[in-house]
Amino acid sequence: MPISGNQDLAESTTARHSRFPALLPGLPALLLALITWQVVADGPLVRLDERVSRGLVHPDGLSEFLSDLGNVQVAVPVLAVSLGHVALQSRRTDRWWLPVTAAALLMALVPALIIPLKELTDRPGTPAVPPGTGYYPSGHTATAAVAYGCATLLLLPRLGTPVARRALVTACLVLVLGASYGLVRRGYHWPLDVVASWCLCAVLLSSLWLFLRRTTPPRQPR
């Protein structure tokens, strides 16, 4: 094959690969829209959700402890310490402030997105909580996912070994899933409240990841 043909093939392959990550936020956004529609319309997915919740709710000390992992007072300081560490390590590089600022803005965006959705859906809580509305989606789940997720995305390139990177990702997943389980088990949220927050945070975190891929200097591992 001529050299020009090889170049065209390489450019075409690179273009396809570069477009694929941009599609990552699409699937969770679509799933979030579907779940929200079911909650607003009181569809069959909501009735299934309520049946599942009745089998899962069992308030105890462990579920209360795990649900606290999604508290602002717990999750946000973890993110703040991570941002400070990253800022100190990268302060001598060009545009060092961009990743830190992007993660902080993403954390601030969580209530700006969650509160309107709560008002739109006006979903009542489970029988385990006092009567009220505004439980969909779960703000505690979103706080945990974005805080621990942002910290993980920013710290990963600064870890030198695959073992350390796997340990960090595993710790992030354990914290987010632990908080999610605690919220459902304690009865603070229906399962769909938590799943919807996962979808929202998947959109936010994948967008941050795409941003970091574009702004990370070539000399730093991605």
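Preceding this section is the structure that the text describes.
Let me sum up the structure you'll find in this document. (Residues numbered from 1 in each chain as written. Predicted model: local features only at pLDDT ≥ 70, side-chain atom pairs only at ≥ 80, totals over all residues. Heavy atoms only, no water.)

### Things to note about the overall build of the protein chain
Of the regular secondary structure elements, the protein chain holds 9 helices and 0 strands. Looking at the 222 residues of the protein chain, the share that counts as buried comes to 43%. Residue pairs at least 24 apart in sequence account for 78% of intrachain contacts in the protein chain once pairs closer than 6 positions are excluded. Summed over its atoms, the accessible surface of the protein chain is roughly 12300 Å², and 68% of this surface lies on carbon and sulfur atoms. (Helix = DSSP H or I, 4+ residues; strand = E, 2+ residues; numbered from the N terminus. Buried < 20%, exposed > 50% of the residue type's maximum accessible area, 1.4 Å probe, protein only. Contact = heavy atoms within 4.5 Å. Areas by Shrake-Rupley, 256 points an atom, 1.4 Å probe, with all protein chains shown as cover.)

### Considering the nonpolar core
For soluble globular proteins, the rule of thumb is that nonpolar side chains tend to be buried together. Core analysis: the biggest nonpolar cluster contains 43 residues, and V146, C150, L154 and L208 have the highest contact counts within it. Counting only elements with at least two residues in this core, the list comes to α2 (26–41), α5 (72–90), α6 (97–121), α7 (139–155), α8 (162–186) and α9 (191–215). Among the elements that line this core, the one with the most residues is α7, at 11 residues. With sequence-adjacent residues up to four places away left out, L154 is seen in contact with L83, V86, P99, V100, A103, L208 and L212. (Core = buried A, V, L, I, M, F, W, Y, C linked by side-chain atoms within 4.5 Å.)

### Re unusual backbone geometry
For the peptide bond that leads from Y136 to P137, omega is -10°, which places it in the cis range. Looking at where P137 falls in the secondary structure, it is placed in the loop between α6 and α7. Positive phi values are uncommon outside glycine, yet D42 reaches one of about 55°. In this structure, D122 takes a positive phi of about 55° despite not being glycine. The residue D122 is located in the loop between α6 and α7 in this model. According to the relative accessible area criterion, D122 is partly exposed, its value standing at 42%.

### Focus: helix α3 (residues 44–56)
Side chains of residues three or four places apart in an α-helix project in the same direction, reflecting 3.6 residues per turn. Over its 13 residues, α3 runs 19 Å from end to end, which matches the ideal 18 Å to within 8%, given 1.5 Å per residue. Among the residues making up α3, those that are buried are V46, D49 and S53. Each buried residue of α3 lies within a common arc of 55° when the element is viewed along its axis, so the set occupies one face. Residues of α3 that are exposed and angled more than 90 degrees away from the buried face: P44, R54 and G55. Here the buried face of α3 lies against α2 and α9. (Expected span 1.5 Å × (residues − 1). Arc of directions from axis to C-beta.)

### Comments concerning the packing of aromatic side chains
Under the counting rule described, the total for this entry stands at 0 aromatic pairs. Over the ring of W209 we find R213; its NZ or CZ atom is 5.0 Å from the centre of that ring. (Phe/Tyr/Trp six-rings, centres within 6.5 Å; stacked < 30°, edge-to-face > 60°. Lys NZ or Arg CZ within 6 Å of the ring centre and 35° of its normal.)

### Points about the side chain of S63
Of note, S63 is situated in helix α4 (residues 61–67). By relative accessible area, S63 is classed as buried at 1%.

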